[in-house]
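Close look at the chain arrangement
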Amino acid sequence: VVMALENVDPDIKNILSRAVSRADDVFSQLSDHAHRKRNDAGPVNIIECIREIAEEKLIGWGSCAIEMEDVPLDEVFVLANQSELKRTISNLLENSFEAMERNIEKKIVINYAQGDGESIVRICDSGVGMSAEVLSKIGTKGFSYGKSESSKSGSGLGLYHALQSVQSWGGVLS
């Protein structure tokens, strides 16, 4: 369907095609009981995943700046399931964007660091922030915050799923 689009920039077509492919992966995993596949981890270029999802989000959002700080141009591999990693990055960026819903100026900064054999990805936004009480509940199955007055109210499963995935690869989401 995407490739049938006429008069659309080829780079935009490519990004849309990757987004459709990623959505297809998500649907496939859900129908194949993704929880069984979560441990099917292998080497994944985390930098490529970050850049791909950030590009995709910028096209969809339009009114948000995403800055990359200390994100290397080189390949950096982590042990993960690629489609789950992309889904996690997408969910975290989406949550950041939603946290800035009322902001005129929307800005997300993605920072990358390496240390002691780990990759550290920090996603910061210009949203209002959360209390310590709310932060302590983040990642709890069914917990959703800040969407009660929004039509995009979530089920509380996105961060729960992200947390479960990252932990299954031996990582930490905090």
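Scroll up to find the structure.
Definitions and limits used
- Residues numbered from 1 in each chain as written.
- Predicted model: local features only at pLDDT ≥ 70, side-chain atom pairs only at ≥ 80, totals over all residues.
- Heavy atoms only, no water.
- Salt bridge = Lys/Arg side-chain N within 4 Å of Asp/Glu carboxyl O.
- Helix = DSSP H or I, 4+ residues; strand = E, 2+ residues; numbered from the N terminus.
- Pairing = 2+ DSSP bridges.
- Axes fitted to C-alpha atoms, helices over the stretch in contact; angles between N-to-C directions.
- Contact = heavy atoms within 4.5 Å.
- Patch = residues over 30% accessible without salt bridge, like charges linked within 9 Å, V, L, I, M, F, W, Y side chains within 5 Å.
- Areas by Shrake-Rupley, 256 points an atom, 1.4 Å probe, with all protein chains shown as cover.
- Buried < 20%, exposed > 50% of the residue type's maximum accessible area, 1.4 Å probe, protein only.
- Polar contact = N/O pair within 3.5 Å; in protein donor to acceptor, adjacent residues only side chain to side chain.
- Phe/Tyr/Trp six-rings, centres within 6.5 Å; stacked < 30°, edge-to-face > 60°.
- Expected span 1.5 Å × (residues − 1).

Turning our eyes to something else, we now look at the pattern of salt bridges. Within this structure, the stated rule accounts for 7 salt bridges. The closest approach of N and O atoms between lysine 107 and glutamate 67, which form a salt bridge, is 3.4 Å. Here lysine 107, found in strand 4 (residues 106–115), pairs with glutamate 67, found in strand 2 (residues 64–69); they are 40 residues apart in sequence, far enough to count as distant. Glutamate 84 is the partner of arginine 87 in a salt bridge, and the nearest nitrogen-oxygen pair spans 3.7 Å. Taken as a pair, arginine 87 and glutamate 84 lie in helix 4 (residues 82–99) at a separation of 3 residues, close to a single helical turn. Through salt bridges with shared partners, one network takes in Arg18, Glu52, Glu55 and Lys86.

Further remarks concern the sheet that holds strand 5 (residues 118–125). Strand order in the open sheet formed by 3 strands is 2-4-5, and the pairing between neighbours is mixed. With one partner strand each, in any of the chains shown, strand 2 and strand 5 form the two edges of the open sheet. Direction aside, the axes of adjacent strands within the sheet are offset by 15° on average. As paired elements, strand 4 and strand 5 share 8 bridges and run antiparallel to each other. Across the sheet, residue asparagine 111 finds its bridge partner in strand 5, namely arginine 122. Running over the sheet, helix 3 (residues 46–61) touches strand 2, strand 4 and strand 5 and is turned about 165° from strand 2.

A cluster of nonpolar residues, Leu5, Leu16 and Ile59, forms a patch on the protein surface that exposes about 200 Å² of accessible area. Locating leucine 5 in the fold gives a position in the segment before helix 1 (10–31). Residue leucine 5 is classed as partly exposed on the basis of its relative accessible area, which comes to 35%.

As a further point, take the side chain of histidine 161. Relative to the helices and strands, histidine 161 resides in helix 6 (residues 158–168). Classification of histidine 161 by relative accessible area gives buried; the value is 14%. In terms of polar contacts, histidine 161 uses its side chain to reach the side chain of arginine 87, at 3.4 Å.

On to the side chain of glutamate 84, then. Take glutamate 84: its relative accessible area is 1%, and that puts it in the buried class. At a separation of 3.0 Å, a polar atom in the side chain of glutamate 84 contacts the side chain of serine 165.

Applying the stated criterion across every chain, the model contains 1 aromatic pair. Ring geometry for tryptophan 61 against phenylalanine 97: centres 4.2 Å apart, planes inclined by 5°, an arrangement best described as stacked. Here tryptophan 61 is found in helix 3, whereas its partner phenylalanine 97 is found in helix 4, with 36 residues between them in sequence. Judged by its relative accessible area of 12%, phenylalanine 97 falls in the buried class.

This paragraph deals with unusual backbone geometry. Positioned with a positive phi, aspartate 70 is a non-glycine residue whose angle comes to about 60°. Its relative accessible area of 59% is what places aspartate 70 among the exposed residues.

Further remarks concern the environment of asparagine 81. Structurally, asparagine 81 is set in the loop between strand 3 (77–80) and helix 4. Sequence separation between asparagine 81 and serine 168 is 87 residues; the distance between their C-alpha atoms is 9.8 Å. Reaching out from asparagine 81, the side chain makes a polar contact with the side chain of serine 83 at a distance of 3.0 Å. Reaching out from asparagine 81, the side chain makes a polar contact with the backbone nitrogen of glutamate 84 at a distance of 3.0 Å.

Here the focus is helix 3. In a regular helix each residue adds 1.5 Å, so 16 residues correspond to 22 Å; helix 3 covers 22 Å between its end C-alpha atoms and thus fits that length. Every buried residue of helix 3 is accounted for by Ile46, Ile47, Cys49, Ile50, Glu52, Ile53, Ala54, Glu56, Lys57 and Trp61. The opening residue of helix 3 is asparagine 45, an N-cap whose side-chain oxygen sits 3.1 Å from the backbone nitrogen of isoleucine 47. At the C-terminal side of helix 3, glycine 62 shows a positive phi close to 70°.

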